[in-house]
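# Chain and residue survey
This is what each chain is made of:
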Amino acid sequence: MQDRDLTPILSVQNLNVRFGRNAIAAVSNVSFDVARERIGIVGESGSGKSTTGRAIMRLLPARANVVADRLEFNGEPLLEKTEKEMGRLRGKDLALIMQDPRYSLNPVLTIGRQIAESARLHLGLKGDGAMAHARHMLERVRIKDPDRVLKLYAHQISGGMGQRVMIAMMLLAKPKLVIADEPTSALDVSVRKDVLVLLDELVRENNSGLILISHDIRMVAAFCERILVMYSGRIVETLTNLEEAQHPYTKGLIAAMPDPRRPVRRLKVLDRASIEANIAP
Ligand SMILES: Nc1ncnc2c1ncn2[C@@H]1O[C@H](COP(=O)(O)OP(=O)(O)OP(=O)(O)O)[C@@H](O)[C@H]1O
Ligand SMILES: [Mg+2]
C-alpha cells in the first residue's frame with residue numbers, strides 16, 4: 001500500500017471573518033490543514049461553517065473582512081490572488097458543492113451543455129469530445145439514461161439527480177480539494193446516503209482532499225478521518241472519532257443527532273450554559 005501523502009493542500013492559520021467593521025466575528029482564529037484526506041466541519045446553524053468554506057473559495061461578499069496569518073492552497077496565498085486567478089482555480093483545482101443543486105445549475109443550459117462547458121474550460125476538450133466526456137461523467141455518477149439526461153434542463157430533474165450532475169461537473173477536472181457544504185441536506189432522505197457514497201468514491205478515486213460541512217456529526221464521522229467542531233465561529237474540538245468527544249457542545253451535538261441503531265423517543269437539546277462555561281474567552 002502506498003504511503004499516505006500528508007503534505008497539506010490547504011493550510012489555514014488564524015482565519016478571521018467579520019461582516020462589517022463593528023460586527024462580531026463570524027469566524028475567529030480558525031486554524032487547520034487539509035492533506036489528501038477527508039475532514040468534516042460540524043456545528044450548529046450560524047457557527048461559521050459555510051463562512052469558513054466560502055472564505056477559502058474567496059466567495060464571500062465584498063463587505064466581508066477576511067484576514068488570516070496564512071490561507072494557502074497548494075502552497076500559494078489565496079488572499080493575494082486576483083479575481084481572475086481565483087476564477088481559474090474554482091472548478092479546476094478547488095471545487096465547491098453546495099446544498100441545493102437547483103441554485104447552482106444554470107437554468108437556461110441543458111445538463112449536457114453545462115458539463116461539456118466545464119470539460120471545455122478545464123480539460124481543453126472541444127465539441128463532440130466535450131459532450132462525450134459529459135456523457136461519460138453522467139455514467140460515472142450512475143445516471144442510468146445519460147443520453148436523455150444530457151438534453152434536460154435543471155428544472156426537469158430531481159434534487160438527487162441534480163446533485164449527481166453537480167458532482168459530475170465539479171469533479172470532472174479531478175480537483176485537489178473539494179468543499180462540500182451540506183451537499184445532501186436539500187435532498188430526500190432516501191437518496192442522501194447514495195449521493196454521499198458517490199461523492200466519497202469519486203474523491204478517493206481522484207485522490208482529492210475533501211472538506212465535508214454538515215450539521216450531522218454522525219454522518220460526518222462515517223465519512224471523514226478528522227472532524228472539526230465549530231461553535232460560535234471557533235473550532236472548539238478536533239476529533240478522529242466520536243468516542244473522543246470531551247467538549248459538552250460536541251457531546252450535545254452527538255446526543256442531538258439520532259443514532260439509527262439506538263432510537264430514542266425524545267432528542268436532547270443543547271445545554272448552553274455548560275457549553276459557554278467550557279469555551280475559552
Ligand atoms: N453574507 C453574510 N452577511 C452577514 N452575515 C453573515 C453572512 N453570512 C453569514 N453571516 C453570519 O456569519 C455567522 C456564521 O454563519 P455561517 O453561514 O457561516 O454559519 P453556518 O455554520 O454555515 O450555519 P448553517 O448551518 O445554518 O449553514 C452567522 O452569524 C451569520 O449570520
Ligand atoms: Mg452553512
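Before reading further, recall that the structure is shown in the block above.
Structural notes, computed from the coordinates. The structure displayed is predicted, hence computed values, not measured ones. (Residues numbered from 1 in each chain as written. Chains lettered and ligands numbered in written order. Predicted model: local features only at pLDDT ≥ 70, side-chain atom pairs only at ≥ 80, totals over all residues. Heavy atoms only, no water.)

## Quick word on the overall build of the chain
The criterion, for reference: What counts as a helix is a DSSP run of H or I of at least four residues, what counts as a strand is a run of E of at least two, and both are numbered from the N terminus. A simple rule labels every residue: compare its accessible area, found with a 1.4 Å probe on the protein chains alone, to the largest value its type can have, and call it buried under 20%, exposed over 50%, or partly exposed in between. Surface accessibility follows the Shrake-Rupley procedure with a 1.4 Å probe radius. Residue values consider only the protein chains on display as shielding. In this tally, Lys and Arg are treated as positive and Asp and Glu as negative; His is ignored, and so are the chain termini. Here the site of a charge means atom NZ of a Lys, CZ of an Arg, CG of an Asp or CD of a Glu.
When you go through the chain residue by residue, the secondary structure sums to eleven helices and eleven strands. C-alpha atoms of the chain, sized along the principal axes, occupy 60 × 50 × 45 Å. Counting over 281 residues, the chain shows a buried share of 47%. Accessible surface computed for the chain: about 14700 Å², of which carbon and sulfur atoms make up 50%. Within the chain, one finds 41 positive and 33 negative side-chain charges whose respective centroids are separated by 4 Å.

## Some remarks on the pairing of strand 1 (residues 10–19)
To keep things clear, this is the line we draw: The pairing criterion for strands is at least two bridges between them, as found by DSSP.
By the bridge criterion, six bridges tie strand 1 to strand 2 (residues 25–34) in an arrangement that is antiparallel. Residue Ser11 lies in a different strand from strand 2, and its bridge partner there is Asp33. Linking two consecutive strands that pair antiparallel, namely strand 1 and strand 2, is a turn of five residues; a positive phi of about 95° is found at Gly20 within it. With four bridges joining them, strand 1 and strand 5 (residues 70–73) adopt antiparallel strand pairing. In the strand pairing of strand 5, Ser11 is matched with Glu72. Of the strand pairs in this sheet, strand 1 and strand 4 (residues 64–67) are connected by four bridges, and their pairing is antiparallel. Paired with Val17 across the bridge in strand 4 is Val66.

## With respect to the pattern of salt bridges
Under the convention used in this document: Definition used for salt bridges: Asp or Glu carboxyl oxygen within 4 Å of a side-chain nitrogen of Lys or Arg.
Per the counting criterion, the structure on display carries 15 salt bridges. Among the ionic pairs, Arg226 bridges to Glu37, the shortest N-O distance being 2.8 Å. Pair noted here: Arg226 is in strand 10 (residues 226–231) and Glu37 is in the loop between strand 2 and strand 3 (38–42), with a separation of 189 residues, a long-range link. Put simply, Asp200 and Arg38 hold a salt bridge, and the shortest N to O gap is 3.6 Å. Linking Asp200 in helix 8 (residues 189–206) with Arg38 in strand 3, this pair joins segments that are 162 residues apart in sequence. As far as burial versus exposure is concerned, Asp200 and Arg38 are alike and both buried.

## Some thoughts on the site of ligand 1
Applicable threshold: A cutoff of 4 Å decides nearness: a residue is near a molecule or strand if any of its heavy atoms lies inside that distance of it. Under the rule applied, a polar contact is a pair of N or O atoms within 3.5 Å (in protein, one hydrogen donor and one hydrogen acceptor; residues adjacent in sequence only if both atoms are side-chain atoms). Under the scheme applied here, ten amino acids are nonpolar (Ala, Val, Leu, Ile, Met, Phe, Trp, Tyr, Cys and Pro), four are charged (Asp, Glu, Lys and Arg), and all others, including Gly, are polar.
Inspection of the region around ligand 1 gives 14 residues, with Ser45, Gly46, Lys49, Ser50 and Thr51 positioned closest. Residue Ser45 places a side-chain N or O atom 2.5 Å away from an oxygen atom belonging to ligand 1. Between ligand 1 and Ser50 there is a distance of 2.8 Å, counted from an oxygen atom to a side-chain nitrogen or oxygen. Protein contact buries 62% of the 630 Å² of open area that ligand 1 shows by itself. Top element by residues in the shell around ligand 1 is helix 1 (residues 49–57). It accounts for three residues. Of the residues assigned to the shell around ligand 1, the class counts are three nonpolar, seven polar and four charged.

## Digging into the packing of aromatic side chains
Put simply, the rule reads: The pairing test for Phe, Tyr and Trp rings, Trp by its six-membered ring, is centres within 6.5 Å, and the orientation test on the planes gives stacked under 30 degrees, edge-to-face over 60, and tilted for anything in between.
Counted according to the given criterion, the structure contains one aromatic pair. On the numbers, 4.4 Å between centres and 55° between planes, the contact of Tyr231 with Tyr249 is tilted. Here Tyr231 is found in strand 10, whereas its partner Tyr249 is found in helix 10 (residues 248–256), with 18 residues between them in sequence. The exposure classification of Tyr231 matches that of Tyr249, with both residues buried.

## Considerations on helix 1
Along helix 1, seven of the nine residues are buried, which leaves the element largely enclosed by surrounding structure. What helix 1 keeps buried is the set Lys49, Thr51, Thr52, Gly53, Ala55, Ile56 and Met57. The first or second residue beyond helix 1 is Arg58, which carries a positive phi of 55°.

## Re the environment of Arg21
Within the fold, Arg21 resides in the loop between strand 1 and strand 2. Taking the relative accessible area as the measure of exposure, Arg21 reaches 78% and is therefore exposed. Sequence-wise, Arg21 and Arg63 are 42 residues apart; in three dimensions their C-alpha atoms are separated by 8.7 Å.

## Quick look at unusual backbone geometry
One non-glycine residue with positive phi stands out, namely Arg58, at about 55°. On the secondary structure map, Arg58 appears in the loop between helix 1 and strand 4. Phi is positive for Asn74, close to 60°, though the residue is something other than glycine. As for its position among the elements, Asn74 is in the loop between strand 5 and strand 6 (76–77).

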